Amino acid sequence: MSQLYDSIEPNVIDDEMVQKAIEEQCPEDIGKLAKREVINFKDVTELQLSFRNILQIDNLWQFENLTKLQLDNNIIEKIEALEGLVHLVWLDLSFNNIEVIEGLDTLVKLQDLSLYNNRISKIEHMDTLQELQIFSIGKNNLTTLEDVIYLRRFKNLRTLNLMGNPLCDDEQYTLFVVAHLPDLVYLDFKLVSDTTREVAVLKYQDLIEPLEREEAQALAQLEEKQAKQKELEYHKTAFVEYLNGSFLFDSMYAEDTEAAKLAYLPGVGDLQQAYRKEFVSVCENLFNYGLKEYEKREAEVSDFYESLHEALTANQQEGRKIILDFENRNKRRLDEIHNASSYDIAESKRAEYKEDILQLSEALMTLEMLIADQLEELIKDFKGNIAVIASSFIENVKELMSQCRDLENHHHEKLLEISITTLEKSIKNELDEDLPADVRMLLVDKNTIVNAVNASHGIRLLKIDKRESDILSNTYRWQTSVTEKAVQNEIDRNRDRIREIIQYIDNLQEELDNVEILEPME
């Protein structure tokens, strides 16, 4: 611990500390208000906790909308408890006792990071900070120039401070850094000149070119991986993931130890290859059908929301027209009531205006009732269409999965025939093949071999059943989700619209009630 703090008691971050910090950083009038009222930490976007002798970061999870955090000039030893501050753009941890860069993974929006004057000996664990533009890590314990290469991954990095680290003593320091970080604009508070950049590139081009090739290859691999993941997610939304190939077939045998033994029996290899070919063909038919049905489902949902939008737009336009007509007719009505030549005239005009407000309320409510009825029918039709699409899909999936079962049953029968024939040959010592010992153990009697074949068959059927069940369950969930969402959205919209109309009418009525009638001049 730094000698500066030896005589001071270390602090922890608690509600009292942050409350005081917020009061201090607010303007004087707001600060006084903050002292009287409880501050909602979710509303705070900047927090300064400098020079408070903080030993451990904690209790900041409530500041979920924080964009700027200052924790400099404390005695912090570990970067931690920041994972909830996902909106942080600016973080200052300078002048602390930090030894390892860590705990920053979730701060993906971070643009400015200061770790100046700590005890860090390696630049690491920052891969997710792809928005980083300014990085200060001067006055630490960085010793090797190669550490700088890690920073090449930050394509937005423009300002870097390394001053005060042992690696700066290397006479090639500046050229090495500039060569390896070609987009850097400022290094150690100085503008990187074009001349320096040219000299650096020339000097280190033999090192940079292999690096660039490696990075290009890594980027290509990453993009390929991301593309595959995106494709897989698409297949999952269609409920047919891993059906475009032999994945299901292979999974049926993956945990089946009996099948592995039975594969040694004469003729089983050819039988299994034929089975595999037909089974995969059915899976691919299901996969292609599933993708087409997914597009059909998406089109149905899209058409529904387009029709919904058209109906609502027409209704809203009619509502605006009714309100505009009302406001145009009654622009001067309040002034006329206020300036009426007599109390009786004023009351008469007030009554007329009140009646107009009532008629406006009825017109808007009637319009809302009409659109509610229209949307109810639209949603009813939508639910019916979704039910038909889901039902058709489910029936066809069942049919295709039934084909898979038929193939499995046929394979099972053939395998059973081969197994019994092999058993009979084994008993008569007529087997030409030299079978492994664990396979020969299956050929001791009919019950043993039949049990092995049946167990293997059962495992494969369970895999088929499980895959079918997953598809059907996903389809039912989708059907329920998409229709319930449409219903709930309309309930919420209708409730909000009625509340909006009532509030508007109440405001008009309140304005009318608050109009004062002038005493007529004598």
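Heads up: the structure comes first, above all this text.
Conventions we followed
- Residues numbered from 1 in each chain as written.
- Predicted model: local features only at pLDDT ≥ 70, side-chain atom pairs only at ≥ 80, totals over all residues.
- Heavy atoms only, no water.
- Helix = DSSP H or I, 4+ residues; strand = E, 2+ residues; numbered from the N terminus.
- Buried < 20%, exposed > 50% of the residue type's maximum accessible area, 1.4 Å probe, protein only.
- Salt bridge = Lys/Arg side-chain N within 4 Å of Asp/Glu carboxyl O.
- Contact = heavy atoms within 4.5 Å.
- Polar contact = N/O pair within 3.5 Å; in protein donor to acceptor, adjacent residues only side chain to side chain.
- Axes fitted to C-alpha atoms, helices over the stretch in contact; angles between N-to-C directions.
- Parallel < 35°, antiparallel > 145°, perpendicular 65-115°, else oblique.
- Nonpolar A, V, L, I, M, F, W, Y, C, P; charged D, E, K, R; others polar.
- Core = buried A, V, L, I, M, F, W, Y, C linked by side-chain atoms within 4.5 Å.
- Phe/Tyr/Trp six-rings, centres within 6.5 Å; stacked < 30°, edge-to-face > 60°.
- Lys NZ or Arg CZ within 6 Å of the ring centre and 35° of its normal.
- Patch = residues over 30% accessible without salt bridge, like charges linked within 9 Å, V, L, I, M, F, W, Y side chains within 5 Å.
- Areas by Shrake-Rupley, 256 points an atom, 1.4 Å probe, with all protein chains shown as cover.
- Lys, Arg positive; Asp, Glu negative; His and termini not counted.
- Charge placed at Lys NZ, Arg CZ, Asp CG, Glu CD.
- Pairing = 2+ DSSP bridges.
- Expected span 1.5 Å × (residues − 1).
- Bend = angle between axes of the 7 residues up to and from the residue.
- 1 Å grid on protein atoms, 1.4 Å probe; cavity = no way out; pocket = protein on both sides within 12 Å on 5 of 7 lines; lining within 4 Å.
- Points joined across faces, edges and corners; volume = space filled by probe spheres on them.
- Disulfide = S-S within 2.5 Å.

A few words now on the environment of Gln133. Here Gln133 lies in the loop between β6 (112-114) and β7 (134-136). A relative accessible area of 33% places Gln133 in the partly exposed class. Taking the C-alpha atoms as reference points, Gln133 and Leu110, separated by 23 residues in sequence, lie 8.4 Å from one another.

Scanning the entire structure with this criterion turns up 20 salt bridges. A salt bridge links Arg497 to Glu500, with the shortest nitrogen-to-oxygen separation between them at 2.3 Å. Linking Arg497 with Glu500, this pair stays in helix α11 (residues 446-513), spanning three residues, or about one helical turn.

Summarising the element assignment, Met252 is placed in helix α5 (residues 247-254). Linking Met252 and Ile459, residues 207 residues apart in sequence, is a C-alpha distance of 7.0 Å. If sequence neighbours within four positions are ignored, Met252 has contacts with Tyr275, Phe279, Glu408, Ile459, Arg460, Lys463 and Ile464.

Turning to the side chain of Ser456, a few remarks are in order. Note that Ser456 resides in helix α11. Polar side-chain contacts of Ser456 include one of 2.4 Å to the side chain of Arg460. Residues in contact with Ser456, not counting those within four places in the same chain, are Asp256, Glu258, Ala259 and Leu262.

Relative to the helices and strands, Tyr186 is located in strand β9 (residues 186-187). Distance in space between the C-alpha atoms of Tyr186 and Lys380 is 63 Å, their sequence separation being 194 residues.

This part covers the packing of helix α4 (residues 194-237) against helix α7 (residues 268-329). Two elements in contact, α4 and α7, have axes separated by 9 Å at closest approach and are oriented at 75°. What the angle tells us is that α4 and α7 run roughly perpendicular. For the pair α4 and α7, contact is made by Tyr234, His235 and Thr237 and by Phe287, Leu291, Tyr294, Glu295 and Arg297, respectively. The residue inventory of the contact of α4 with α7, partitioned by class, reads four nonpolar, two polar and two charged.

This part is about the nonpolar core. Formed by 62 residues in total, the largest nonpolar core has its most connected members in Leu60 and Phe135. The set of elements that each furnish at least two residues to this core consists of α1 (15-25), α3 (173-180) and α4. Broken down by element, this core gets its largest block of residues, six residues, from α3. Beyond its immediate stretch of four places on either side in the chain, Leu60 contacts Ile13, Val18, Leu47, Leu49, Leu69, Ala81, Leu82 and Leu85. If you look at the next biggest cluster of nonpolar residues, it comprises 43 residues, including Phe279, Phe304, Ile379 and Trp478.

Moving on: the packing of aromatic side chains. If you walk through the whole model with that rule in mind, you get 15 aromatic pairs. Here a set of aromatic residues connected by ring pairs shows up, and it is made of Phe249, Tyr253, Tyr275 and Phe279. Directly above the ring of Trp90 sits Lys68, whose terminal nitrogen or CZ lies 4.5 Å from the centroid. In this structure, Arg297 is placed above the aromatic ring of Phe393, and the distance from its NZ or CZ to the ring centre is 5.1 Å.

Residues Glu146, Asp169, Asp170 and Glu171 make up a contiguous surface patch of negative charge. Tracing the sequence through the fold places Asp170 in the loop between β8 (159-161) and α3. Overall, Asp170 belongs to the partly exposed group, its relative accessible area being 36%.

Turning to the sheet that holds strand β2 (residues 46-48), a few remarks are in order. In space, the eight strands of this open sheet follow the order β2-β4-β5-β6-β7-β8-β9-β10, with mixed pairing throughout. Looking at the sheet topology across the chains shown, the edges are occupied by β2 and β10 (190-191). In the sheet, β6 pairs with β7 via three bridges, with the strands oriented parallel. Following the sheet pairing, Asp112 is matched in β7 by Ile134.

Glancing now at the packing of α5 against α7. Where α5 contacts α7, the axes come no closer than 8 Å and their chain directions differ by 130°. If you check the angle between α5 and α7, you find them oblique. Counted together, Leu248, Phe249, Asp250, Met252 and Tyr253 of α5 and Gln272, Tyr275, Arg276, Phe279, Val280 and Cys283 of α7 form the full contact between these two elements. Considering only residue class, the contact of α5 with α7 consists of eight nonpolar, one polar and two charged.

Compared with the 64 Å implied by 1.5 Å per residue over 44 residues, the 51 Å span of α4 between its first and last C-alpha is markedly short. A maximum bend of about 75° is found in α4 at Gln205. Every buried residue belonging to α4 is among Ala200, Tyr204, Ile208, Leu211, Leu232 and His235, and all of these are buried. Here the buried face of α4 lies against α3 and α7. Backbone geometry just after α4 places Phe239 at a positive phi near 70°.

In this section: the layout of surface pockets. Taken as a whole, the largest pocket encloses approximately 410 Å³ of empty space. Arg153, Lys155, Glu215, Ala218 and Leu219 are, among the 13 residues lining the largest pocket, the residues nearest its centre. Residue composition of the lining of the largest pocket, by class: seven nonpolar, no polar and six charged.

Next up on the list: unusual backbone geometry. A positive phi angle is found at Asn73, which is not glycine, with a value near 55°. Within the secondary structure, Asn73 sits in the loop between β4 (68-70) and β5 (90-92). In the Ramachandran plot, Lys139 falls in the positive-phi region, its phi being about 55° despite a non-glycine side chain. Within the secondary structure, Lys139 sits in the loop between β7 and β8.

According to the stated counting rule, one finds zero disulfides in the structure shown. Between Cys283, a cysteine without a disulfide, and Cys404, which holds the nearest cysteine sulfur, the sulfur-to-sulfur distance is 4.6 Å.

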